[in-house]
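Reading the structure
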Amino acid sequence: MTAEKLTTPAPQTPAERMKDIVALCKRRGFIFGASDIYGGINGFWDYGPLGVELKNNLRDLWWKKMVLTPPIGPDGQPVEIVGLDSAIIQNPKVWVASGHVGGFADPMVDCRETKKRYREDHLDVLVPNDGEGPWLAVPQNDEDGVAKSRIKKFGKGRSEDAFTRKSLSGIGLENYAKIIGPDAKEAGTLTEPKAFNLLFETKIGAVASDDNIAYLRGETAQGIFINFKNVVDSSRVRVPFGIAQIGKAFRNEVNPRNFIFRSREFEQMEMEWFCHPNEAKMWFDFWKTERQKFWQSLGLSGDNILMREHGQDELVFYSKGTFDIEYKFPFTDPGFGELEGIAYRTDYDLTQHQEHSKVKLEYMDPVTNERFMPHVVEPAAGLTRGVLAILCEAYTVDTNRPSGVYLNFHPALAPKKAAILPLTAKDEHPKLATKLYLELREEFAVDLDIKQNIGKRYARQDEIGTPFCFTIDDQTVADGTVTVRERNTMAQERIPMANVAAYLREKIKRV
RNA sequence: GCGGGUGUAGCUUAGUGGUAAAGCUCCAGCCUUCCAAGCUGGCUAUGAGGGUUCGAUUCCCUUCACCCGCUCCA
């Protein structure tokens, strides 16, 4: 008893848990670091044989919930949502209109001493006229009188008139060694300005020149906005309705971190809901509820998931309200990380594109004859973040089983729904197992595994989260029944082999 | 982008300025009637590049990746 206690492993810390999840993902072929054999590449990840199945399952469930069987609206009728798959590269003007190019591409400087970061064009430098002593960096918009206090501290008795105010942008790098940062004590701690444009640039055409710069999309949403008119004109949809899109997006993140949580290439599942401005608030609440239900139905529930409203200071300038659905990842624990944002974007995007493209994007309501610019509620989820949350939630330590761990996937999400296992590699077992496998694979993602002893095979399936194992033994030969072994409980029962497909169908039932 | 840490096989760990070791996994075969059993055999590693040295996995430099903290996240 005492000895047993002593050998019981200590509970995992969140960091250890995350490390194990990453190791399992690599070991079993869910997720690999991209360009592994070349030493890797920061911020990119590859999805292995099981990872792509898991990701596709989540993607398909979202598509079904949004496009194929959208929820019932407040009026008792299903809401209307259509799909879209727009190009990753669009006319660069799209990203100017959206604000991604220009407005957010400002160079920043860091202070090595204070670890603070400043926009280069927001800083001025006070240059001493007599050339003596340090140069003083101060905020351009100096409401707090920083310049005065800095001169008092470092100006050696000189007055403000003894300095000339220059923009930091106009000051050469060779002078940075003389500059004291706005909050620093020593000179020379400011880094050279770095541009923080998060959009990936590329060049169109075989001959590269600055005239043909284009951008990889930073979000799938803009592809939806620029097709709003196309969809309205071609699809018989009427406001309110939604357009949904799933696809890759690219951002030059300053600092990719935390496995696939923040990567430079990722996948989004976004839906833009177009509605009358007067109904926007109602639809915002509607989608908040619906989207929360979605993640809960996949098994993310309890204390690990929450809804959080953005504070006023957090809101982007065009949003009149944003809710995040957040998950307690091991690397955020005890905090939470964003899984999906539901944003009320007003008519900002359509208005921007109307102005920049000169194409009228207003909607004419055929019933009321009212002309208006639709407002937008946007549930925008991270597919790859969803995969990570599902993996973290499913990871279950169980020292009572040979593998020591299993992945508790919802059967609808599991990369493999079942494994077909002949108890031995002899006699009729493999023959019957192969027959069952060929039948089941027409409808389900299943594995046939004949090699090695049964315990090893159960353990392997536990580690990849296969919810059911069907085992063929001598009794199967005699009476046509197989053993079902359930992943979470390891319990077994016998059912007729002829009922296996129906059994699986019932268990996997869509969420 | 800043600071700190780590880097030996798929995983977990040894070890050394002079032939790189083990357990588990994995693969092949045998055995096996329900949870990684047993037997035999096999594959696989010092992240990359430079320097010092007769000789570097070990010491030094650079770089890359990952982890932690800050920062960033339209």
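It should be emphasised that the depicted structure is a prediction, and the values quoted were computed from it without experimental measurement.

With respect to spatial proximity, 47 residues lie near RNA strand B, and among them Leu198, Asn255, Arg262, Tyr458 and Asp474 are the closest. At the protein interface, 51% of the atoms of RNA strand B within 4 Å belong to sugar or phosphate. Proline 402 is positioned with one of its backbone polar atoms (N or O) 2.8 Å from a base nitrogen of RNA strand B. For RNA strand B, a base nitrogen lies 3.2 Å from a polar atom in the backbone of serine 403. Elements with a contribution of two residues or more to the surface near RNA strand B: helix H2 (14–27), helix H12 (454–464) and strand S26 (481–486). A breakdown of the residues in the surface near RNA strand B according to their chemical character gives 15 nonpolar, 15 polar and 17 charged.

Taken in spatial order, the 5 strands of this open sheet run S24-S23-S25-S26-S27, and their pairing is mixed. Across the chains shown, the open sheet's two edge strands, defined by having one partner strand only, are strand S24 (446–448) and strand S27 (492–496). Strand-to-strand twist across the sheet, computed as the mean angle between neighbouring axes with direction ignored, equals 25 degrees. Bridge analysis of strand S23 (residues 418–422) against strand S25 (residues 468–472) gives 5 bridges, and the strand direction is parallel. Residue pairing for S25: alanine 419 is matched across the bridge by cysteine 469. In this fold helix H11 (residues 429–440) packs onto S23, S24 and S25, with an angle of close to 160 degrees to the strand it touches most, S23. Along the sheet, H12 makes contact with S23, S24, S25, S26 and S27, crossing S23 at roughly 175 degrees.

Along the chain, histidine 276 falls in the loop between strand S14 (265–275) and helix H8 (280–297). Of the polar contacts made by the side chain of histidine 276, one reaches the side chain of glutamate 370; its length is 3.1 Å.

Here we take up the nonpolar core. Among the nonpolar cores identified, the biggest contains 59 residues, and Phe30, Ile81, Trp273, Trp287, Trp295, Leu391 and Phe409 are the most heavily contacted of them. When residues of this core are assigned to their parent elements, the largest contribution, 8 residues, is made by helix H10 (residues 383–394). In this structure, Val125, Ala137, Ala162 and Ile179 belong to the second largest nonpolar core, which totals 24 residues.

Looking now at the packing of aromatic side chains. Enumeration according to the criterion identifies 24 aromatic pairs in this entry. Ring plane angle 45 degrees and centroid distance 4.6 Å describe the contact between phenylalanine 228 and phenylalanine 274, whose orientation is recorded as tilted. Placement of the pair is phenylalanine 228 in helix H7 (residues 228–234) and phenylalanine 274 in strand S14, with a sequence separation of 46 residues. Taking relative accessible area as the criterion, phenylalanine 228 reaches 2% and is therefore assigned buried. A relative accessible area of 0% means that phenylalanine 274 is categorised as buried. Here a set of aromatic residues connected by ring pairs shows up, and it is made of Phe225, Phe228, Phe241 and Phe274. A cation sits over an aromatic face here: arginine 401 above tyrosine 406, 3.9 Å from the ring centre.

Between its first and last C-alpha, helix H3 (residues 49–68) extends 26 Å over 20 residues, near the 28 Å set by a 1.5 Å rise per residue. What H3 keeps buried is the set Leu50, Gly51, Leu54, Lys55, Asn57, Leu58, Leu61, Trp62, Met66 and Val67.

The subject of this paragraph is the sheet that holds strand S7 (residues 135–139). Ordered in space as S8-S6-S7-S9, the 4 strands form an open sheet in which the pairing is mixed. The sheet is open, and its two borders are formed by strand S8 (163–167) and strand S9 (179–180), each paired with just one other strand. Sheet topology note: the strand S6 (residues 123–128)/S8 ladder contains 5 bridges and is antiparallel. What sits directly across from valine 125, in S8, is lysine 166. Across the sheet, helix H5 (residues 146–154) is in contact with S6, S7, S8 and S9; its angle to S7 comes to roughly 160 degrees.

This next bit is on the packing of H3 against H8. For any two helices packed against each other, one specifies the inter-axial angle together with the distance between the axes. Where H3 contacts H8, the axes come no closer than 12 Å and their chain directions differ by 145 degrees. Taken as a pair, H3 and H8 cross one another with a handedness that is right-handed. Residues Leu58, Leu61, Trp62, Lys65 and Met66 of H3 lie in contact with H8, whose contacting residues are Trp287, Arg291, Phe294 and Trp295. Broken down by class, the residue content of the contact of H3 with H8 amounts to 7 nonpolar, no polar and 2 charged.

Conventions adopted
Residues numbered from 1 in each chain as written. Chains lettered and ligands numbered in written order. Predicted model: local features only at pLDDT ≥ 70, side-chain atom pairs only at ≥ 80, totals over all residues. Heavy atoms only, no water. Near = heavy atom within 4 Å. Polar contact = N/O pair within 3.5 Å; in protein donor to acceptor, adjacent residues only side chain to side chain. Helix = DSSP H or I, 4+ residues; strand = E, 2+ residues; numbered from the N terminus. Nonpolar A, V, L, I, M, F, W, Y, C, P; charged D, E, K, R; others polar. Pairing = 2+ DSSP bridges. Axes fitted to C-alpha atoms, helices over the stretch in contact; angles between N-to-C directions. Contact = heavy atoms within 4.5 Å. Core = buried A, V, L, I, M, F, W, Y, C linked by side-chain atoms within 4.5 Å. Buried < 20%, exposed > 50% of the residue type's maximum accessible area, 1.4 Å probe, protein only. Phe/Tyr/Trp six-rings, centres within 6.5 Å; stacked < 30°, edge-to-face > 60°. Lys NZ or Arg CZ within 6 Å of the ring centre and 35° of its normal. Expected span 1.5 Å × (residues − 1). Left-handed = near helix turned anticlockwise from the far one by under 90°.

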